[in-house]
Amino acid sequence: MTYTRADFPEGFDFGVATSSYQIEGHGFGGAGPTHWDDFAATPSNVKNAENGRLACDHYHRFEADMDLVAGANFDCYRFSTSWARVMPDGFTVNPEGLDFYDRLTDAMLARGIKPCATLYHWELPSPIADRGGWRNRDIADWFADYTHAIMSRIGDRMHSVAPINEPWCVAWLSHFEGYHAPGLRDIRATARAMHHVLLAHGKAIQTMRGLGLSNLGAVFNLEWADPADDSLEAAEKAALYDGIYNRWFLGGVFKGEYPQNVLGGLEPYMPDGWQDDFGTIGTPVDWCGLNYYTRKLIAPSGGAWPGFKEVEGPLEKTLMGWEIYPEGLYNFLTRTAREYTGTLPLIVTENGLASPDVIENGAIEDPQRLAYIDAHMHSLQRALAEGVPLRGYYLWSLMDNYEWACGYEQRFGLVHVDFETLERTPKASYHALAKRLGR
Ligand code: GCO
């Protein structure tokens, strides 16, 4: 690896991220059913029909897992709290759920790790899904109630909080592409989810301001879109992909508007009065988080709106089949600051890759991950040199975990998990980072 902590500004935070359903073991501690359990139990949705019932059993092993975070010299641990653990029926508090996050918080503080919470990383309580989930405008108030419940308990000790992880996944991937729970492919459901997810974000920020919390942010996943060829049609479709994936959410929160090219398709399906909600959606935040993995090449596909398709690109790929394109991270850091956030601090809240890591003689070599991290750190350096107010870089993920529709096959961890024994084994990348991030 090229870079060490000393190459970054004083106070720059390095972190590592996970999410509740992907690691905790949802079967423990009185958590309620979620739409991911329902989705996984439905044939063909998830590789091997796997779910998060046991996952990494982090629920029982969190102390040792926090030792791993501290052992690699990370400053921050970005974790998420599960709505269905805190409120198994979506509405009624489960004291065991609050107790768990309380213990986890104290385990971080005891090791000098800054707790960075996300309140929704996709495990919607099934009873909320029964009421229409993200299609129902009331979800914004229900989510605010949940925010109040969990943050009244642990908010006083959080370094930072963001309401919703990756609104594009919550809305588009799950309601238009049907690739994530609830597995819908419905444009009206999509338009509603695209709006309500931001409304819920805004109400949660307001709720936390009411509790006196600070250092609140928003976390977006951004994917760079390039046209597959030189045609005007491909350029237009790439811009539409960019609008749906990136600009809709950034525009909603930071400009109080949605991009015209996306409204061209979604407007007829939007909920009544959506234009009046930007006051709530745009409630000021203290930082903006960017999750970045890859880019896509986009071409026209014909057929119904949006009428685009992804075309395989020429660059080196990860096990997910995603092209490695560090340039995209640089592009987003500079573009986001220039067009949306100005001097607001930016944090890369996720970046990483899946590789086919196997244990050989007790060790795991993951050179592709090391090269990936290095190349993306180079993009951070370029952005910093141009004055982008970048304040942190968090890797996805601490350990191998439940990769949603891909089940347990895609290994994103710095730490290997044997899903039979649940034994944790740090990979070569973990050891390299521990050295580089030491003070
Ligand atoms: C995310 C995802 C993670 C995924 C990761 C790799 O926040 O993007 O939340 O849950 O595991 O992105 O696909």
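Above this text you will find the structure in question.
Owing to the predicted nature of the structure, the values given are computational and were not obtained by experimental measurement.

**Topic: the overall build of the protein chain**
- For the protein chain, the helix and strand inventory stands at 15 helices and eleven strands.
- For 439 residues, the compact-globule formula gives about 22 Å, and the C-alpha radius of gyration of the protein chain, at 20 Å, lands near that figure.
- Looking at the protein chain alone, contacts between residues at least 24 apart form 76% of all its contacts between residues at least 6 apart.
- Approximately 15800 Å² of the protein chain is accessible, and the part contributed by carbon and sulfur atoms is 49%.
- Computed over 37 positive and 58 negative side-chain charges, the separation of the two mean positions in the protein chain equals 2 Å.

**Things to note about the pattern of salt bridges**
- What the rule picks out here adds up to 33 salt bridges.
- In this structure, arginine 247 and aspartate 242 form a salt bridge, with 3.0 Å as the shortest nitrogen-oxygen distance.
- A relative accessible area of 21% places arginine 247 in the partly exposed class.
- A salt bridge links arginine 382 to glutamate 327; the shortest N-O distance between them is 3.4 Å.

**Regarding the packing of helix 9 (residues 187-210) against helix 10 (residues 232-255)**
- The contact between helix 9 and helix 10 brings their axes to 11 Å, and the two run at 40°. Classified by the angle between their axes, helix 9 and helix 10 sit oblique to one another. In this structure, helix 9 meets helix 10 at a crossing whose hand is right-handed. Together, Met194, Val197, Leu198 and His201 of helix 9 and Ile244, Trp248, Phe249, Gly252 and Val253 of helix 10 make up the contact between the two elements.
- Looking at the contact of helix 9 with helix 10, its residues break down into seven nonpolar, two polar and no charged.

**Examining the site of the ligand**
- Close contacts around the ligand come from 13 residues, with Gln22, His121, Glu166, Glu350 and Glu403 the closest.
- Contact distances for the ligand include 2.4 Å between an oxygen atom and a side-chain N or O atom of glutamate 166.
- Isolated, the ligand exposes 310 Å² of accessible area, and the fraction of that covered by the protein chains is 95%.
- Judged by the fraction of its atoms near the pocket grid, the ligand is located in the largest pocket.
- Of the residues that constitute the shell around the ligand, the class distribution is six nonpolar, four polar and three charged.

**Some points on the environment of leucine 266**
- With respect to the helices and strands, leucine 266 occurs in helix 11 (residues 260-266).
- Taking the C-alpha atoms as reference, leucine 266 lies 14 Å from tryptophan 168; in sequence the two are 98 residues apart.
- Setting aside its immediate chain neighbours within four residues, leucine 266 contacts Trp172, Ile187, Ala191, Met194, Trp248 and Trp305.

**Describing the packing of aromatic side chains**
- If you walk through the whole model with that rule in mind, you get 41 aromatic pairs.
- An angle of 75° between the planes, with centres 5.0 Å apart, marks the rings of tryptophan 224 and phenylalanine 332 as edge-to-face. Taken together, the residues tryptophan 224 in strand 5 (residues 217-227) and phenylalanine 332 in helix 13 (residues 326-341) connect sequence positions 108 residues apart.
- In this structure tryptophan 224 comes out as buried when scored by relative accessible area, which is 15%.
- A connected cluster of aromatic rings, assembled from ring pairs, spans Tyr21, Trp36, Phe39, Trp122, Tyr402, Trp404, Tyr408 and Phe419.
- Positioned above the aromatic ring of tyrosine 330 is the side chain of arginine 382, whose terminal nitrogen or guanidinium carbon lies 3.7 Å from the ring centre.

**Looking at the side chain of aspartate 13**
- Within the element layout of this structure, aspartate 13 appears in strand 1 (residues 13-17).
- Residue aspartate 13 is classed as buried on the basis of its relative accessible area of 10%.
- Of note is the side chain of aspartate 13, whose polar atom sits 2.9 Å from the side chain of lysine 114.
- Beyond its immediate sequence surroundings of up to four residues, aspartate 13 is in contact with Asp75, Cys76, Lys114, His159, Arg391, Gly392, Tyr393 and Tyr394.

**Some remarks on the environment of proline 9**
- One can find proline 9 in the segment before strand 1.
- Relative accessible area serves as the criterion here: at 40%, proline 9 is assigned to the partly exposed category.
- In sequence terms proline 9 and aspartate 57 are 48 residues apart; their C-alpha atoms lie 36 Å from each other.

**Considerations on the layout of surface pockets**
- Each pocket or cavity is described by its volume, and for the largest pocket that value is around 730 Å³.
- In terms of lining, the largest pocket is formed by 38 residues, of which the most central are Glu223, Tyr245, Lys296, Met320 and Trp322.
- Elements with a minimum of two residues in the lining of the largest pocket: helix 8 (167-175), strand 5, helix 10, strand 6 (287-300) and strand 7 (308-311).
- Considering each element in turn, the lining of the largest pocket owes the most residues, six residues, to strand 6.
- One number sums up the size of the second largest pocket: a volume of about 150 Å³.
- If you go around the second largest pocket, the residues you meet are Trp172, Phe176, Glu177, Arg185, Tyr241, Pro306, Phe308, Lys309 and Glu310.
- Considering every element that reaches the lining of the second largest pocket, the biggest residue donor is strand 7, with three residues.
- Tallied by class, the residues present in the lining of the second largest pocket amount to five nonpolar, no polar and four charged.

**A look at unusual backbone geometry**
- Along the chain, tryptophan 305 connects to proline 306 via a cis peptide bond; the corresponding omega equals 5°.
- The backbone phi angle of asparagine 73 is positive, close to 65°, even though this residue is not glycine.
- Within the secondary structure, asparagine 73 is located in the loop between helix 3 (58-71) and strand 2 (76-80).
- Relative accessible area serves as the criterion here: at 30%, asparagine 73 is assigned to the partly exposed category.
- Within the chain, asparagine 215 stands out as a residue other than glycine whose phi angle is a positive 60°.
- Here asparagine 215 lies in the loop between helix 9 and strand 5.
- Asparagine 215 gets classed as partly exposed once you look at its relative accessible area, which sits at 26%.

Quick notes on the rules
- Residues numbered from 1 in each chain as written.
- Predicted model: local features only at pLDDT ≥ 70, side-chain atom pairs only at ≥ 80, totals over all residues.
- Heavy atoms only, no water.
- Helix = DSSP H or I, 4+ residues; strand = E, 2+ residues; numbered from the N terminus.
- Rg over C-alpha atoms; globule rule 2.2 N^0.38 Å.
- Contact = heavy atoms within 4.5 Å.
- Areas by Shrake-Rupley, 256 points an atom, 1.4 Å probe, with all protein chains shown as cover.
- Lys, Arg positive; Asp, Glu negative; His and termini not counted.
- Charge placed at Lys NZ, Arg CZ, Asp CG, Glu CD.
- Salt bridge = Lys/Arg side-chain N within 4 Å of Asp/Glu carboxyl O.
- Buried < 20%, exposed > 50% of the residue type's maximum accessible area, 1.4 Å probe, protein only.
- Axes fitted to C-alpha atoms, helices over the stretch in contact; angles between N-to-C directions.
- Parallel < 35°, antiparallel > 145°, perpendicular 65-115°, else oblique.
- Left-handed = near helix turned anticlockwise from the far one by under 90°.
- Nonpolar A, V, L, I, M, F, W, Y, C, P; charged D, E, K, R; others polar.
- Near = heavy atom within 4 Å.
- Polar contact = N/O pair within 3.5 Å; in protein donor to acceptor, adjacent residues only side chain to side chain.
- 1 Å grid on protein atoms, 1.4 Å probe; cavity = no way out; pocket = protein on both sides within 12 Å on 5 of 7 lines; lining within 4 Å.
- Sits in = over half its atoms within 2 Å of the grid points.
- Phe/Tyr/Trp six-rings, centres within 6.5 Å; stacked < 30°, edge-to-face > 60°.
- Lys NZ or Arg CZ within 6 Å of the ring centre and 35° of its normal.
- Points joined across faces, edges and corners; volume = space filled by probe spheres on them.

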